[in-house]
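# Architecture at a glance
Residue-level listing of the chains:
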Amino acid sequence: MRNNVFNISAPQRYTCQVYRYHNTLSRLYVSVYKDARPAPAFYVLFSDVAYFAGPMSWVGADFGVESVEQCLGLMLQAGLIEEALLDDPAVYDYFAQSVSLYVVALPAAQVQIIAGSATLLQEMP
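The present account deals with the structure reproduced in this document. (Residues numbered from 1 in each chain as written. Predicted model: local features only at pLDDT ≥ 70, side-chain atom pairs only at ≥ 80, totals over all residues. Heavy atoms only, no water.)

### Describing the pairing of strand β7 (residues 100–105)
What counts is decided by this rule: Two strands pair if DSSP finds at least two bridges between them. Numbering goes from the N terminus for both helices and strands, where a helix is a DSSP run of H or I of at least four residues and a strand is a run of E of at least two.
Two strands pair when backbone bridges link them, and strand β6 (residues 64–65) and β7 are joined in this way by 2 bridges, in the antiparallel orientation. The residue of β7 that forms the bridge with Val65 is Tyr102. As judged from the 6 bridges shared by β7 and strand β8 (residues 110–115), these two strands associate in the antiparallel manner. By the bridge assignment for β8, Ala105 is matched with Gln110. Here β7 folds back onto β8 in antiparallel fashion, the turn holding 4 residues.

### Focus: the side chain of Gln112
Going by this rule: In protein, a polar contact requires one atom able to donate a hydrogen and another able to accept it; more generally it is a pair of N or O atoms within 3.5 Å, and residues adjacent in sequence count only if both atoms are side-chain atoms. Whether two residues are in contact is decided by their heavy atoms: any pair within 4.5 Å suffices.
Here Gln112 lies in strand β8. A polar contact is formed between the side chain of Gln112 and the side chain of Gln110, at a distance of 3.3 Å. Ignoring any residue separated from it by four or fewer positions in sequence, one finds Gln112 in contact with Tyr51, Phe52, Ala53, Leu74, Leu101, Tyr102 and Val103.

### Quick notes on the pattern of salt bridges
Selection criterion: Basic side-chain nitrogens of Lys or Arg form a salt bridge, by our definition, when they fall within 4 Å of a carboxyl oxygen of Asp or Glu. Exposure categories follow from relative accessible area, calculated using a 1.4 Å probe and restricted to protein chains: below 20% of the type maximum is buried, above 50% is exposed, and the middle band is partly exposed.
In this structure the tally under the stated criterion is 1 salt bridge. Here Asp35 and Arg13 are joined by a salt bridge, their closest N and O atoms 2.5 Å apart. In this pair, Asp35 sits in the loop between β2 (27–34) and β3 (42–47) while Arg13 sits in the segment before β1 (14–22), placing the two residues 22 residues apart along the sequence. The exposure class of Asp35 is partly exposed, given its relative accessible area of 36%.

### Remarks on the sheet that holds strand β5 (residues 57–59)
To keep it simple, the criterion reads: Think of each axis as a best-fit line through the C-alpha atoms, taken over the contacting stretch in the case of a helix, with angles from 0 to 180 degrees between the N-to-C directions.
Ordered by their spatial adjacency, 5 strands build an open sheet running β5-β1-β2-β3-β9, and the pairing between neighbours is antiparallel. The sheet is open, and its two edges are formed by β5 and β9 (117–121), each paired on a single side. Adjacent strand axes in the sheet meet at a mean angle of 20 degrees, parallel and antiparallel pairs treated alike. Note that β1 and β5 share 3 bridges and pair antiparallel. Within β5, the residue paired with Thr15 across the bridge is Val59.

Shown next as structure tokens:
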């Protein structure tokens, strides 16, 4: 797993909160607050979201990206894809290049987001 994919300095000092989800666009916005400040320091936009599991808010912004195998395994487990699809190397390569499993490890659980991409935003569009 690649940790701290957004290169956030001291990610343990941040609190994340699911801010908005647009189901028609498959976009998930997460507000990220530093320390106890009332306004978000920035936002993370996840695009082409296929899966989310976790609390609506959590402490820590150390977003990591799991391996392709972990991502595809969760997609199989969640019923997002079928095992037979992965037997075709072209389909496997397509999923391996077009989706990622973003995670934040929490003391009792893990935030999991399967998305096509993730971007830091300084303000909401």
